[in-house]
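Listed here are the chains, written in short residue letters.
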Amino acid sequence: MKILKKLLVRIILLILTVGIVCGSVVAVLGYFMYRDALKEQSLEDRVAEVQANPSYTTLAELPDIYLEAVVAVEDHRFRQHCGIDIIAIARAAWNNIKSWSLREGGSTITQQLAKNLYFTQERSFIRKAAEMFMAFRLEQTYTKDEILELYVNSIYFGDGYYCVRDASEGYFGKEPGEMTDYESTLLAGIPNAPSVYSLTANPDLAEQRQQYVLQQMEKYGYLDAQEANAILQNG
């Protein structure tokens, strides 16, 4: 029995050692990717490039309910974390282990912005590490409102729309500030999977996603059940 216990302890220590070594290698390679990205273009220059887009829209020009919907469905701890959400990462890691895949990423709004600014959509641990380093840099350099503003101006909404203004004008034929509560919550759900929830390709699926958005808004205190139902009925 003592031999089995020692063997088990050694196996566990070996697994932990391998995990620490692999994690360290990924972190180092991710840091190199992050550093190289900034060498090619500084964060300030990349942000200025996004802000120079004629379609760029400030938070003041957007409906509050749209911004609340985005935070509720994409990253409800956005105002509390420092760029990464440890709880979301742990949950995603556990689900990925169970499914033997990289299906979930646990990305925050800041991480998604980092990816949109510098990295590809490739799913890899090294890219994920680079994204985290960039997220920390973004949080150190910009306010939460600035990060959220950059995010909604750099995400893909399907049908060739790469910012909230283009999506609002393309899908609804109106300025972002003119979106109704129904349109705002509908639009907030699309970036999760633009090809799936595109309003022209799959309007029914987009509406199903909208219901989830409203559920999240209700869950985190942005709306009550009566208000959520009223939005759907007025659509």
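Parameters at a glance
- Residues numbered from 1 in each chain as written.
- Predicted model: local features only at pLDDT ≥ 70, side-chain atom pairs only at ≥ 80, totals over all residues.
- Heavy atoms only, no water.
- Helix = DSSP H or I, 4+ residues; strand = E, 2+ residues; numbered from the N terminus.
- Buried < 20%, exposed > 50% of the residue type's maximum accessible area, 1.4 Å probe, protein only.
- Contact = heavy atoms within 4.5 Å.
- Areas by Shrake-Rupley, 256 points an atom, 1.4 Å probe, with all protein chains shown as cover.
- Expected span 1.5 Å × (residues − 1).
- Polar contact = N/O pair within 3.5 Å; in protein donor to acceptor, adjacent residues only side chain to side chain.
- Core = buried A, V, L, I, M, F, W, Y, C linked by side-chain atoms within 4.5 Å.
- Axes fitted to C-alpha atoms, helices over the stretch in contact; angles between N-to-C directions.
- Parallel < 35°, antiparallel > 145°, perpendicular 65-115°, else oblique.
- Nonpolar A, V, L, I, M, F, W, Y, C, P; charged D, E, K, R; others polar.

Student: Please explain the overall build of the chain as it appears in this structure.
Tutor: What the chain contains, in helices and strands, is 12 helices and 0 strands. Reading the secondary structure of the chain in the N-to-C direction produces α-α-α-α-α-α-α-α-α-α-α-α. Within the chain, the proportion of its 235 residues that are buried is 43%. Counted over contacts in the chain with a minimum sequence separation of 6, partners at least 24 positions apart contribute 63%. Carbon and sulfur atoms make up 57% of the accessible area of the chain, which totals about 13000 Å².

Student: Would you mind showing me how to read helix α6 (residues 125-141) here?
Tutor: Since one α-helical turn is 3.6 residues long, residues separated by three or four positions face the same way. Between its first and last C-alpha, α6 extends 24 Å over 17 residues, near the 24 Å set by a 1.5 Å rise per residue. When we look at burial in α6, the residues that qualify are R127, K128, A129, A130, E131, M134, A135, L138 and E139.

Student: Looking at this structure, how should I read the side chain of N153?
Tutor: Here N153 lies in the loop between α7 (144-152) and α8 (164-172). There is a polar contact of 2.7 Å between the side chain of N153 and the backbone oxygen of E149. Once you skip the residues sitting within four places of it in the chain, N153 turns out to touch V50, S55, Y56, T57, Y162, C163 and V164.

Student: What's the story with the nonpolar core in this structure? I'm lost.
Tutor: Nonpolar side chains in soluble globular proteins generally cluster together in the buried interior. In terms of nonpolar packing, the biggest core is built from 55 residues, with Y66, L148, F157 and L187 touching the most fellow members. If you tally residues by element for this core, the top one is helix α3 (residues 64-74), at 8 residues.

Student: Looking at this model, I keep getting lost on the packing of helix α9 (residues 181-188) against helix α11 (residues 203-219). Mind explaining?
Tutor: Each packed pair of helices is defined by two parameters, the angle between the axes and the distance between the axes. Their axes nearest at 8 Å, the elements α9 and α11 cross at an angle of 100 degrees. In terms of orientation, α9 and α11 fall into the roughly perpendicular class. From α9, Y182, T185, L186 and A188 reach across to α11, where they touch A206, E207, Q210, V213, L214 and M217. Looking at the contact of α9 with α11, its residues break down into 7 nonpolar, 2 polar and 1 charged.

Student: What is the right way to read unusual backbone geometry from this model?
Tutor: If a residue is not glycine, its phi is most likely negative; likewise, a peptide bond is most likely trans. The backbone of D159 sits at a positive phi, close to 55 degrees, despite the residue not being glycine. Structurally, D159 is set in the loop between α7 and α8.

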